[in-house]
Amino acid sequence: MATESASAGRDRNETGRAQNQRPRDRYGRPLPHGSAGEVERVPDDAVFSAEEGLEEAQRLLDGGYAFTAHEVLEAVWKSSPDPERELWRGLAQVAVGVTHAQRGNTVGAARLLRRGADRVREFGPDAPHGVDVAGVAAFARGLADDLDAGRAGPGDGIDPAGMRLRGE
């Protein structure tokens, strides 16, 4: 009975599955119902090609929206072929690591940034879709080091635009 009453007030998607429907701030934190959200939500069933995902995620990173970029990269990860899945997983981990840094969780952020950097780095210079894995890994490790040393502060002090998904 406790389970029913606890879930009675939960947000649900159109299929009845539990899903937070609250608007979000730029760092992905839920806002109160009825608030104006700062970001467009990425639907759970969103599908992006690799090209679309890279373009959209970079646009979001450039605008400071690492959480939403993470959602886009995660959508590509879910639909990518097996040989590429760990690349997309690593990119999503780096983006969510940036999100944790923006939110002030510096310890968790540094761990995720390093884990994502290790995952993408394995793809080397011939990474699929022209992903600059060396650049992404260097950005992630540099931010993790800055967080550990207290040189980077949460919120707008963390600039995800420095993460370039492709070499330029």
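Keep in mind the model is a prediction, meaning the values are calculated, not measured. (Residues numbered from 1 in each chain as written. Predicted model: local features only at pLDDT ≥ 70, side-chain atom pairs only at ≥ 80, totals over all residues. Heavy atoms only, no water.)

The secondary structure content of the protein chain amounts to six helices and zero strands. Buried residues in the protein chain amount to 45% of all 168 residues. Within the protein chain, residue pairs in contact and separated by at least 24 positions form 56% of the contacts whose partners lie at least 6 positions apart. Summed over its atoms, the accessible surface of the protein chain is roughly 8800 Å², and 48% of this surface lies on carbon and sulfur atoms. (Helix = DSSP H or I, 4+ residues; strand = E, 2+ residues; numbered from the N terminus. Buried < 20%, exposed > 50% of the residue type's maximum accessible area, 1.4 Å probe, protein only. Contact = heavy atoms within 4.5 Å. Areas by Shrake-Rupley, 256 points an atom, 1.4 Å probe, with all protein chains shown as cover.)

Turning our attention to the packing of aromatic side chains. As enumerated under the stated definition, the model contains zero aromatic pairs in all. The aromatic ring of Tyr65 is capped on one face by Arg26, whose charged end is 4.4 Å from the ring centroid. (Phe/Tyr/Trp six-rings, centres within 6.5 Å; stacked < 30°, edge-to-face > 60°. Lys NZ or Arg CZ within 6 Å of the ring centre and 35° of its normal.)

Turning our attention to the packing of helix H3 (residues 66-79) against helix H4 (residues 82-103). Where H3 contacts H4, the axes come no closer than 8 Å and their chain directions differ by 165°. With respect to H4, the element H3 is oriented roughly antiparallel. In terms of crossing hand, the pair formed by H3 and H4 is left-handed. Every residue of H4 that contacts H3 at Ala66, Phe67, His70, Leu73, Glu74, Val76, Trp77 and Lys78 is listed here: Arg85, Trp88, Arg89, Leu91, Ala92, Ala95, Val96, Val98, Thr99, Gln102 and Arg103. (Axes fitted to C-alpha atoms, helices over the stretch in contact; angles between N-to-C directions. Parallel < 35°, antiparallel > 145°, perpendicular 65-115°, else oblique. Left-handed = near helix turned anticlockwise from the far one by under 90°.)

Turning to the nonpolar core, a few remarks are in order. The biggest cluster of nonpolar side chains holds 41 residues, and the ones touching the most others in it are Trp88, Leu91, Leu113, Leu143, Leu147 and Leu165. Broken down by secondary-structure element, the contributors of at least two residues to this core are helix H2 (50-62), H3, H4, helix H5 (106-121) and helix H6 (133-149). (Core = buried A, V, L, I, M, F, W, Y, C linked by side-chain atoms within 4.5 Å.)

Take the packing of H4 against H5 next. Relative orientation of the contacting elements H4 and H5 amounts to 160°, with a least axis distance of 8 Å. By the angle class used here, H4 and H5 are roughly antiparallel. At the point where H4 passes H5, the crossing takes the left-handed sense. Facing H4, whose interface residues are Glu86, Leu87, Arg89, Gly90, Leu91, Gln93, Val94, Val96, Gly97, Val98, His100 and Ala101, H5 presents Ala109, Leu112, Leu113, Arg115, Gly116, Ala117, Arg119 and Val120. Its residues assigned to classes, the contact of H4 with H5 shows eleven nonpolar, five polar and four charged. (Nonpolar A, V, L, I, M, F, W, Y, C, P; charged D, E, K, R; others polar.)

In this model, H6 (17 residues) spans 24 Å end to end at C-alpha, consistent with the 24 Å of a helix rising 1.5 Å per residue. Tucked inside the fold, the buried residues of H6 contact H4 and H5. (Expected span 1.5 Å × (residues − 1).)

Quick look at the environment of Gly155 now. Relative to the helices and strands, Gly155 resides in the segment after H6. Sequence separation between Gly155 and Arg26 is 129 residues; the distance between their C-alpha atoms is 9.7 Å. If sequence neighbours within four positions are ignored, Gly155 has contacts with Tyr27, Ala101 and Gln102.

On to the pattern of salt bridges, then. Under the definition given, this model contains nine salt bridges. In this structure, Glu86 engages Arg89 in a salt bridge whose closest nitrogen and oxygen atoms are separated by 3.5 Å. In this pair, Glu86 and Arg89 both sit in helix H4, three residues apart, roughly one turn of the helix. For Glu86, a relative accessible area of 34% gives the class partly exposed. Between Asp145 and Arg114 there is a salt bridge; the shortest N-O distance is 2.7 Å. With Asp145 in helix H6 and Arg114 in helix H5, this residue pair connects regions lying 31 residues apart in the sequence. On the accessibility criterion, Asp145 (37% relative accessible area) is partly exposed. Within the structure, one salt-bridge network assembled from shared partners comprises Glu86, Arg89 and Arg119. (Salt bridge = Lys/Arg side-chain N within 4 Å of Asp/Glu carboxyl O.)

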